[in-house]
Amino acid sequence: MSESVPGWLLAEVAGGIQRLLVLRLDGCPPADAVEAMALAWADALLVRGGAWDEALDAPRIRAAFRSLAAHVQRWPAPADIWAHLPERPRQPKLPPPPMSAAQRALALDMLRQLREKLLS
Amino acid sequence: MRLRCPVCHAEAALEAWAEDEAAREMMAILSALDATLGRPLVAYLGLWRSASRALAWERAVRIAREVLALEADAQRLAAALSQTVEQLRVKRDAGDVRPLTGHNYLKRVLEGMPQTAGALCVDAQPQRSAATRVQAKAHSATVDGVMRLEALKRRARGEAGHE
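Thresholds, definitions, all that
- Residues numbered from 1 in each chain as written.
- Chains lettered and ligands numbered in written order.
- Predicted model: local features only at pLDDT ≥ 70, side-chain atom pairs only at ≥ 80, totals over all residues.
- Heavy atoms only, no water.
- Core = buried A, V, L, I, M, F, W, Y, C linked by side-chain atoms within 4.5 Å.
- Buried < 20%, exposed > 50% of the residue type's maximum accessible area, 1.4 Å probe, protein only.
- Helix = DSSP H or I, 4+ residues; strand = E, 2+ residues; numbered from the N terminus.
- Contact = heavy atoms within 4.5 Å.
- Salt bridge = Lys/Arg side-chain N within 4 Å of Asp/Glu carboxyl O.
- Phe/Tyr/Trp six-rings, centres within 6.5 Å; stacked < 30°, edge-to-face > 60°.
- 1 Å grid on protein atoms, 1.4 Å probe; cavity = no way out; pocket = protein on both sides within 12 Å on 5 of 7 lines; lining within 4 Å.
- Points joined across faces, edges and corners; volume = space filled by probe spheres on them.
- Nonpolar A, V, L, I, M, F, W, Y, C, P; charged D, E, K, R; others polar.

Enquirer: Even after reading the chapter, I still don't get the nonpolar core, so can you show me in this structure?
Expert: Here is a general trend for soluble globular proteins: nonpolar side chains tend to be buried in one another's company. Leu-9, Val-13, Leu-20, Trp-52, Ile-61 and Phe-65 of chain A together with Leu-149 of chain B are the most contacted members of the largest nonpolar core, which totals 36 residues. Residue assignment for this core shows that the elements contributing at least two residues are helix H1 (7–21), helix H2 (34–49) and helix H3 (54–71) of chain A together with helix H9 (141–158) of chain B. Of all the elements, H1 of chain A adds the most residues to this core, at 9 residues. For Leu-9 of chain A, the contacting residues outside a window of four places in its chain are Ala-42, Leu-45, Leu-46, Trp-52 and Ile-61 of chain A. The next biggest cluster of nonpolar side chains, apart from the first, holds 28 residues, and it includes Ala-22, Tyr-44, Ala-64 and Ala-78 of chain B.

Structure representation (structure tokens):
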């Protein structure tokens with residue numbers, strides 16, 4: 001594998017594979033292949049997911065495997081995880097900055113000039 | 001030393017937990033178990049808790065003892081517990097949040113274990129030797145896989161990265 005898979009990402013994927021493994025789905029991998037499978041899944045997520053952040057993405061990956069386990073009928077492919085991956089939590093928006101007296105005066109002046117142009 | 005419950009966020013001193021005889025007994029039971037069995041057992045106990053009330057330590061101890069008495073093979077029991085927890089969590093996600101009142105579900109899963117637990121993954125490898133097959137049947141392939149992944153998780157968490 002060309003890129004280094006972060007430890008937390010590999011651990012999350014291994015946990016997800018564990019969840020799927022106990023379901024004993026059709027096509028499940030043999031026990032001695034699960035580590036290689038987890039590495040391959042983690043690498044696939046790394047390649048397609050780009051910049052992963054543990055704090056933001058670890059809960060998403062956990063939720064995705066949980067949802068996948070609830071819906072899947074046979075052993076899934078790494079690409080199947082994307083249909084179950086929730087969006088990143090959005091940062092709350094800041095309120096608009098308060099307008100200063102100078103800005104307010106400038107805006108009113110622009111409106112006045114505009115009105116004069118329209119009326120002239 | 002004060003500890004906070006990661007589930008209900010109640011806070012109490014470690015000394016207070018240790019003073020409760022049943023809590024102490026529960027910790028003794030869990031500390032004697034391998035993590036592969038201890039984790040699914042704790043998750044299974046969580047299925048007995050109602051949405052509004054905590055599970056009393058005395059009841060948790062009684063349930064844990066009943067579960068451990070169901071099956072002598074720890075790995076087989078761990079696999080059955082994991083499967084039970086997974087399947088009941090799916091039901092809970094679907095809206096059925098009633099707490100467990102008996103072990104019938106677990107018993108049914110346990111009954112199905114010898115025929116299915118090792119067979120599916122073992123049969124996928126016809127090239128294995130007869131000796132390996134016997135060993136794999138005695139030691140569920142599912143549990144073996146889960147344990148391998150548990151070790152991988154520990155290694156991954158302990159390292160900065162993995163090539």
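Enquirer: So what exactly am I meant to see when it comes to the pattern of salt bridges here?
Expert: When charged atoms on two side chains of opposite charge get close, those side chains can pair. Counted by the stated rule, this structure contains 16 salt bridges over all chains. Note that Glu-150 of chain B and Arg-39 of chain B form a salt bridge whose closest N and O atoms lie 2.8 Å from each other. You can see Glu-150 of chain B sitting in helix H9 and its partner Arg-39 of chain B sitting in helix H3 (residues 35–46), a full 111 residues away along the chain. Taking the relative accessible area as the measure of exposure, Glu-150 of chain B reaches 13% and is therefore buried. The exposure class of Arg-39 of chain B is partly exposed, given its relative accessible area of 49%. With a closest N to O distance of 3.7 Å, Lys-153 of chain B and Glu-150 of chain B form a salt bridge. One end of the pair, Lys-153 of chain B, and the other, Glu-150 of chain B, are both in helix H9, 3 residues apart, so they sit about a helical turn from each other. A cluster of three or more residues bridged by salt bridges with shared partners is formed by Glu-12, Glu-54 and Arg-62 of chain A together with Arg-157 of chain B.

Enquirer: Just checking my understanding: could you explain unusual backbone geometry for this structure?
Expert: As a rule of thumb, non-glycine residues mostly have phi less than zero, and peptide bonds are mostly trans rather than cis. In this structure, Arg-24 of chain A is a non-glycine residue whose phi angle is positive, near 50°. Of note, Arg-24 of chain A is situated in the loop between H1 and H2.

Enquirer: Teacher, can you tell me more about the environment of Met-37 of chain A here?
Expert: Residue and element names in this part refer to chain A. With respect to the helices, strands and loops of the structure, Met-37 is situated in helix H2. The exposure class of Met-37 is partly exposed, given its relative accessible area of 21%. Spatially, the C-alpha atom of Met-37 lies 9.7 Å from that of Pro-78, the residues being 41 residues apart in sequence. Among residues more than four places away in sequence, those in contact with Met-37 are Ile-17, Pro-29 and Trp-75.

Enquirer: So what exactly am I meant to see when it comes to the packing of aromatic side chains here?
Expert: In this description, an aromatic ring pair is defined by two values, namely the gap between the centres and the angle between the planes. Residue and element names in this part refer to chain A. As enumerated under the stated definition, the model contains 3 aromatic pairs over all chains in all. Note on Trp-41 and Phe-65: the rings are 5.6 Å apart at their centroids and 35° apart in plane angle, and the pair reads as tilted. Taken together, the positions of Trp-41 in helix H2 and Phe-65 in helix H3 put the pair 24 residues apart, joining distant regions of the chain. For the pair Trp-41 and Phe-65, a shared accessibility class is recorded, and that class is buried. Measuring from ring centre to ring centre gives 6.0 Å for Trp-52 and Trp-82, while their planes differ by 35°; the resulting arrangement is tilted. Here Trp-52, found in the loop between H2 and H3, pairs with Trp-82, found in the loop between H3 and helix H4 (101–119); they are 30 residues apart in sequence, far enough to count as distant. For Trp-52, a relative accessible area of 15% corresponds to the buried category.

Enquirer: In this structure, what is going on with the environment of Ala-141 of chain B? I would like to understand it.
Expert: Residues and elements named next belong to chain B. Positionally, Ala-141 belongs in helix H9. By relative accessible area, Ala-141 is classed as buried at 5%. Once the C-alpha coordinates of Ala-141 and Ala-79 are considered, the two residues, 62 residues apart in sequence, prove to be 9.8 Å apart.

Enquirer: Honestly, the layout of surface pockets in this entry has me stumped. Any pointers?
Expert: The gaps of empty space that remain are located by a probe, the size of a water molecule, rolled over the atoms. Residues and elements named next belong to chain B. As a volume, the second largest pocket reaches approximately 320 Å³. If you list the elements that add at least two residues to the lining of the second largest pocket, you get helix H5 (74–93) and helix H6 (104–116). In terms of residue count, H5 provides more of the lining of the second largest pocket than any other element does, 3 residues in total. A class-by-class count of the residues in the lining of the second largest pocket yields 5 nonpolar, 4 polar and 4 charged.

Geometric descriptors of this kind do not, in isolation, establish any biological role.
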